[in-house]
Amino acid sequence: MSPETKPDFLINPEGLRLDGRRPDEIRPTELEVGILKKADGSAMIKQGNTHILAAVYGPRELHPRHLTLNDRAYLRCEYRMATFSVPDRKRPAPSRREREISMVISNALEPALFLEEFPKAVVDVYIQVIQADGGTRCASINAASLALADAGIPMRSLVPAVAVGKADDKLLVDLGDMEDKYGGGDIPMAIIPRTEEITLLQQDGSFKKEELIEAIRMGINSCKYLHELQKEALKRAYAKRAPAEDDEEDEYEDDLETDLGESDLPEEED
Amino acid sequence: MGDFSSETISHIDRHYIKTLLDNGERIDNRAFDEYRDIEIEIGPVEAKAEGSAIARLGGTSVIAGVKVLTGQPYPDTPDEGVTMVTAELSPIASPMFESGPPREDAIELARVVDRGVRESGTVDTKKLCIEEGKHVYLVFCDLYTLEYDGNLIDAASLAANAALLDTRFPELKLEDDELVETGKMMKVPLENMAIELTASKIGEHIVIDPHIREEMVQDCRLTMAIDEEDNFTALQKGGGVGPISIAKIEEAMDMGLARVKDLRKLVLEATSNKD
């Protein structure tokens, strides 16, 4: 269903993209930390129409045991797409693509973590793509990194990620679905912002060396912007949990009265 | 699914829950026949799925997405389309869920919800036929658990029904042996929406919409699909091997009949804004 047709152009004569963005502009991005209550840590990202949830469980005991690492925790990422997240129904079983993406996400996140603090354990990162509209592996990294922070896994840094690409010979950041499908290439990347070290780099399509370098520079800039959004999301989540100043005091007084047996609460005595 | 009676729960908890019930109370202060807060959100997958919804039942939440494809009918029903409900207990939803091929509990969830939708004649599959014997619509409703805090079946049923009601897809017709869009949009032909309600038997008590800790101590649960005319269109006893008496079944059914209208109203209200 919902057949998609190739657009006539990806960049219009005014130099704007299909959704009206400038080449170096990322899509409207919404990040929220701690949205799944059962998980030790969780985060949601909406980047344009791309919508992803990430949950972290652990550090916890690792099954099956033969995967155990003696000097550090095993970081196990699982990237899965919902059957309804794409125009044609995706088959429910994990595809080779999903397995590969799970692995590169894990590799992108691991350098930022102090996994040596938890030898023999596992940190599970589950990523569920609810709606896919391009750039899901990068959006997954953005969300998973926040979920790891929310779970209290010690880390050097958050890891922001973005896909840079090319359409009509112009470099673009944060590719949408159409730009990914019909454009001239795709470079998903993730960085550790402070050192600008790159922890994920893949590429398809065809680029000249200079183009590639420039694309990565653009990517680093966008990642730094995303990093700011990540930090804000984290602060928002924890600022919300801090006790509100005025209401709290009254509640403490109530508690005190209860403790002293002076409350009016009906007491059950059989 | 929803069957964690085998999961570890301490004797203290077990005793506590049962003692509370003996005193007419539940662990979250609900009445025995009271549901947790229900919230239904429509269209979380608006851009890619033909229909979608998230249902929240207290701390439990389930997302449903509907995809409509075309394909061949089954040989024994050449003039009927196909509806299918699948479910996955995503590990995202609970520390108790693991990745891997679906286990019995996930299969049970999918099949129970599927029966609620399908066997009750909720969808008039004859209206999903494009050309007899050749082309029909295939309606897939896929469920993913997002948070598990007890009673997944009811949350899944609410999400599935809401997503099916939300579904709009382009009407197709056969022209020169090719399927072309007519330009009109179709709805899923929902004729008689059945809603599923689940009650737990714990000792001599029947409680509706069990909390996760109630599920852990339950003897068994009874899921009932009830249609618009108050007919029971599906039943499933599961969630433990404990036996249940006729009297208790009747008690659960009365509770279900008393609550089903509220649930149906919530689903209809949530989807009423659509055109």
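Structure's up top.
A short tour of the structure in this document, coming up. (Residues numbered from 1 in each chain as written. Chains lettered and ligands numbered in written order. Predicted model: local features only at pLDDT ≥ 70, side-chain atom pairs only at ≥ 80, totals over all residues. Heavy atoms only, no water.)

Attention now goes to the overall build of chain A. What chain A contains, in helices and strands, is five helices and ten strands. Counting only residues that meet the buried cut, chain A has 50% of its 270 residues in that class. Long-range contacts, defined as pairs at least 24 residues apart, comprise 68% of the intrachain contacts of chain A with a sequence gap of at least 6. Within the structure as shown, chain A displays about 14000 Å² of accessible surface, and the carbon and sulfur contribution to it stands at 48%. (Helix = DSSP H or I, 4+ residues; strand = E, 2+ residues; numbered from the N terminus. Buried < 20%, exposed > 50% of the residue type's maximum accessible area, 1.4 Å probe, protein only. Contact = heavy atoms within 4.5 Å. Areas by Shrake-Rupley, 256 points an atom, 1.4 Å probe, with all protein chains shown as cover.)

Before going further, it helps to examine the interface of chain B and chain A. The interface of chain B with chain A comprises 38 residues on the first partner and 34 residues on the second. With both chains or domains summed, chain B and chain A bury close to 2800 Å², and 58% of this area falls on carbon and sulfur atoms. In this structure, the connection of chain B to chain A is made through six salt bridges. Residue Lys48 of chain B pairs with Asp133 of chain A through a salt bridge whose shortest N-O separation is 3.3 Å. Of all the elements in the fold, those that place two or more residues in the side of chain B that touches chain A are β3 (60-71), β4 (82-88), β6 (135-147) and β7 (168-175) of chain B. The leading source of residues in the side of chain B that touches chain A is β3 of chain B, at eight residues. Considering only residue class, the side of chain B that touches chain A consists of 22 nonpolar, six polar and ten charged. (Buried area = accessible area lost by both parts, 1.4 Å probe. Salt bridge = Lys/Arg side-chain N within 4 Å of Asp/Glu carboxyl O. Nonpolar A, V, L, I, M, F, W, Y, C, P; charged D, E, K, R; others polar.)

Here we take up empty space enclosed by the protein. All names here are of chain A. By the definition in use, this model includes one cavity of 30 Å³ or more. Contributions of two or more residues to the lining of the largest cavity are made by β4 (74-81) and β5 (121-131). The element that contributes the greatest number of residues to the lining of the largest cavity is β5, accounting for three residues. Its residues assigned to classes, the lining of the largest cavity shows four nonpolar, two polar and three charged. (1 Å grid on protein atoms, 1.4 Å probe; cavity = no way out; pocket = protein on both sides within 12 Å on 5 of 7 lines; lining within 4 Å. Points joined across faces, edges and corners; volume = space filled by probe spheres on them.)

One number sums up the size of the largest pocket: a volume of about 1100 Å³. Every residue lining the largest pocket is counted, 43 residues in all, and those nearest its centre are Glu78 of chain A together with Pro91, Glu98, Ser99 and Gly100 of chain B. Taken together, the elements giving at least two residues each to the lining of the largest pocket come down to β3 (50-61), β4, α1 (96-109) and β5 of chain A together with β4, α2 (104-118) and β6 of chain B. Residue contributions to the lining of the largest pocket peak at seven residues, all from β4 of chain A. Residue classes in the lining of the largest pocket are distributed as 23 nonpolar, eight polar and twelve charged. What the second largest pocket holds in volume is close to 480 Å³. Taken together, 24 residues form the lining of the second largest pocket, with Arg97, Gly134, Thr136, Asp177 and Asp180 of chain A sitting closest to its centre. Going through the elements one at a time, α2 (136-150), α3 (177-182) and β8 (185-192) of chain A are the ones with two or more residues in the lining of the second largest pocket. When grouped by side-chain class, the residues that make up the lining of the second largest pocket number eight nonpolar, five polar and eleven charged.

What follows deals with the sheet that holds strand β11 (residues 220-226) of chain B. All names here are of chain B. With antiparallel pairing, four strands are arranged side by side in an open sheet as β10-β9-β11-β12. In the strand order of this sheet, the two ends are held by β10 (205-208) and β12 (232-238), each with one partner. The sheet shows a mean angle of 20 degrees between the axes of neighbouring strands, direction not considered. Relative to β11, strand β9 (residues 195-202) runs antiparallel, the two being bridged by seven bridges. Residue Thr198 lies in a different strand from β11, and its bridge partner there is Thr223. α2 rests against β9, β11 and β12 of the sheet, and its axis sits at about 165 degrees to β12. (Pairing = 2+ DSSP bridges. Axes fitted to C-alpha atoms, helices over the stretch in contact; angles between N-to-C directions.)

Residues and elements named next belong to chain A. Pairing in this open sheet of five strands is mixed, and the strands run β1-β2-β3-β5-β4 from one edge to the other. Single-partner strands in this sheet number two, and they are β1 (29-33) and β4. Direction aside, the axes of adjacent strands within the sheet are offset by 15 degrees on average. Relative to β3, strand β2 (residues 41-47) runs antiparallel, the two being bridged by seven bridges. Each residue of the ladder has a partner; that of Gly41, found in β3, is Val56. Here α1 sits on the sheet and contacts β4 and β5; the angle it forms with β4, its principal contact strand, is near 140 degrees. Along the sheet face, α2 touches β1, β2, β3, β4 and β5 and points at about 150 degrees away from the line of β2.

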